[in-house]
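# Understanding the architecture of this molecule
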Amino acid sequence: MFGTRPYDKTMWPVENMFVSFVAVGEGWHNYHHAFPWDYRASEYGTPLNLTGTLIDLLAKFGAVYDRKTATPNMVKNRVMRTGDKSHHTYGTDEGRSAFTTLWNIWKHPSNPTYNSIHTPKPKILQSDGYALIPDELKQSERDEDILSKENEELMRRQQEEENRTTEANQIYNKLSKYIKEQQQSVPESVDELLLQQTNNNVDKAAMVQGKAALNVLDCNDNALVKRKVIVGAASSSSSHH
């Protein structure tokens, strides 16, 4: 199944915008299973939830009554306690970017393959299971004052976590940048050292060749001098005779 779990990451049902368009508002299954008594089966209205809009229209004519919904505080509390952080309002930037799409294109919730990277971790339910009607909720899950205070604390903790994550990312980016700079500078230094060593070897070779050439010249000069001396000596002795 493709989609996200902004309301409860322990459930397999997901939110899928594409399915909602095709099924006229029936693609918000994570919300529906988190709040099964909510007649809208979604947090949204028109045009993302035409079914809910139709029920509202029928209610104006008295054809539908006793509609039950989850309050904004209930939704916010559930999102921040059990969601995968992908919620458009109460989620985090990191959570909203934790998704994949087929071939890594069309990165929008309307993509049929838009899918959370997190695998759900089902939890063990109590014998009474999930609350199917508001009356089955715990008092702490229904009391608006309690929910408001808990939401403030959850929001504070989430903000602190985001700040820590931001600081950690900044440190990581700075460290990565420093390492890359060092990696880029090291090859240059190595090349310079190799070039310098090569030049030194060339200079040494030239010096050796120069010395060898001088030795050859010296040998030739000595031989020439010796020959001149011998020739000169021979000429003197001939003249004396």
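Residues numbered from 1 in each chain as written. Predicted model: local features only at pLDDT ≥ 70, side-chain atom pairs only at ≥ 80, totals over all residues. Heavy atoms only, no water.

Under an unreviewed UniProt entry, the chain has the name Fatty acid desaturase domain-containing protein and belongs to Anopheles minimus. You can read under Sequence similarities (unreviewed entry) in the UniProt record for the chain the words "Belongs to the fatty acid desaturase type 1 family." Under the heading Subcellular location (unreviewed entry), UniProt records this for the chain: "Membrane". (UniProt positions renumbered as here; feature names shortened; annotations may be inferred.)

## Observations regarding the overall build of the chain
Helix and strand counts for the chain stand at seven helices and two strands. Walking the chain from its N terminus toward its C terminus, one meets helices and strands in the order α-α-α-α-α-β-β-α-α. For the chain, with 241 residues in total, the buried portion stands at 26%. About 16,900 Å² of surface is accessible on the chain, with carbon and sulfur atoms providing 59% of the total. (Helix = DSSP H or I, 4+ residues; strand = E, 2+ residues; numbered from the N terminus. Buried < 20%, exposed > 50% of the residue type's maximum accessible area, 1.4 Å probe, protein only. Areas by Shrake-Rupley, 256 points an atom, 1.4 Å probe, with all protein chains shown as cover.)

## Digging into the pattern of salt bridges
Where charged atoms of side chains with opposite charge meet at close range, the side chains can pair. Tallied over the full model, the rule gives nine salt bridges. For the salt bridge of Asp 66 with Lys 68, the shortest nitrogen-to-oxygen distance reads 3.1 Å. One salt bridge connects Glu 141 with Arg 81, and the closest N-O pair in it is separated by 3.7 Å. Note that Glu 141 is positioned in helix H6 (residues 139-142) and Arg 81 in helix H4 (residues 72-82), a separation of 60 residues in sequence. For Glu 141, a relative accessible area of 25% corresponds to the partly exposed category. (Salt bridge = Lys/Arg side-chain N within 4 Å of Asp/Glu carboxyl O.)

## Observations concerning the UniProt feature "coiled-coil region" (unreviewed entry) in the chain
What UniProt calls "coiled-coil region" (unreviewed entry) maps, in this numbering, to residues 137-171. Span residues 137-171 is 91% helix and 0% strand, its end C-alpha atoms 44 Å apart.

## Here we look at the nonpolar core
Judged by nonpolar contacts, the single largest core of 15 residues is most densely connected at Tyr 7, Tyr 31, Phe 35, Trp 37, Ala 70, Met 74 and Val 75. Elements that contribute at least two residues to this core include exactly helix H2 (29-34), H4 and helix H7 (144-240). It is H4 that contributes the most residues to this core, four residues altogether. If we skip the residues at most four places from it in the chain, Ala 70 touches Tyr 31, Phe 35, Trp 37, Asp 38, Arg 40 and Val 75. (Core = buried A, V, L, I, M, F, W, Y, C linked by side-chain atoms within 4.5 Å. Contact = heavy atoms within 4.5 Å.)

## Some thoughts on the environment of Asp 145
Locating Asp 145 in the fold gives a position in helix H7. On the accessibility criterion, Asp 145 (57% relative accessible area) is exposed. Sequence separation between Asp 145 and Asn 73 is 72 residues; the distance between their C-alpha atoms is 9.3 Å.

## Some details on the side chain of Thr 4
In this structure, Thr 4 sits in the segment before helix H1 (17-22). A relative accessible area of 12% means that Thr 4 is categorised as buried. In contact with Thr 4, not counting residues within four places along its chain, are Val 14, Glu 15, Asn 30, Asp 84, Ser 86, Tyr 114 and Ser 116.

## Let's talk about unusual backbone geometry
Note on backbone geometry: most residues besides glycine have negative phi, and most peptide bonds are trans. Look at Trp 103: it is not a glycine, yet its phi comes out positive at around 60°. Positive phi, close to 60°, is recorded for Asn 104, a residue that is not glycine. Looking at the element boundaries, Asn 104 is found in the loop between strand S1 (99-100) and strand S2 (115-116). Taking the relative accessible area as the measure of exposure, Asn 104 reaches 52% and is therefore exposed.

## Focus: the packing of aromatic side chains
How two aromatic rings sit relative to each other is given by the distance of their centres and the angle of their planes. Tallied over the full model, the rule gives six aromatic pairs. Among the aromatic side chains, those forming a connected cluster through ring pairs are Tyr 7, Tyr 31, Phe 35 and Trp 37. Positioned above the aromatic ring of Phe 35 is the side chain of Arg 78, whose terminal nitrogen or guanidinium carbon lies 5.9 Å from the ring centre. (Phe/Tyr/Trp six-rings, centres within 6.5 Å; stacked < 30°, edge-to-face > 60°. Lys NZ or Arg CZ within 6 Å of the ring centre and 35° of its normal.)

## Some points on a nonpolar patch on the surface
Taken together, the side chains of Phe 18, Val 19, Phe 21 and Val 22 present a nonpolar region at the surface, about 360 Å² in accessible area. With respect to the secondary-structure elements, Phe 21 resides in helix H1. For Phe 21, a relative accessible area of 46% gives the class partly exposed. (Patch = residues over 30% accessible without salt bridge, like charges linked within 9 Å, V, L, I, M, F, W, Y side chains within 5 Å.)

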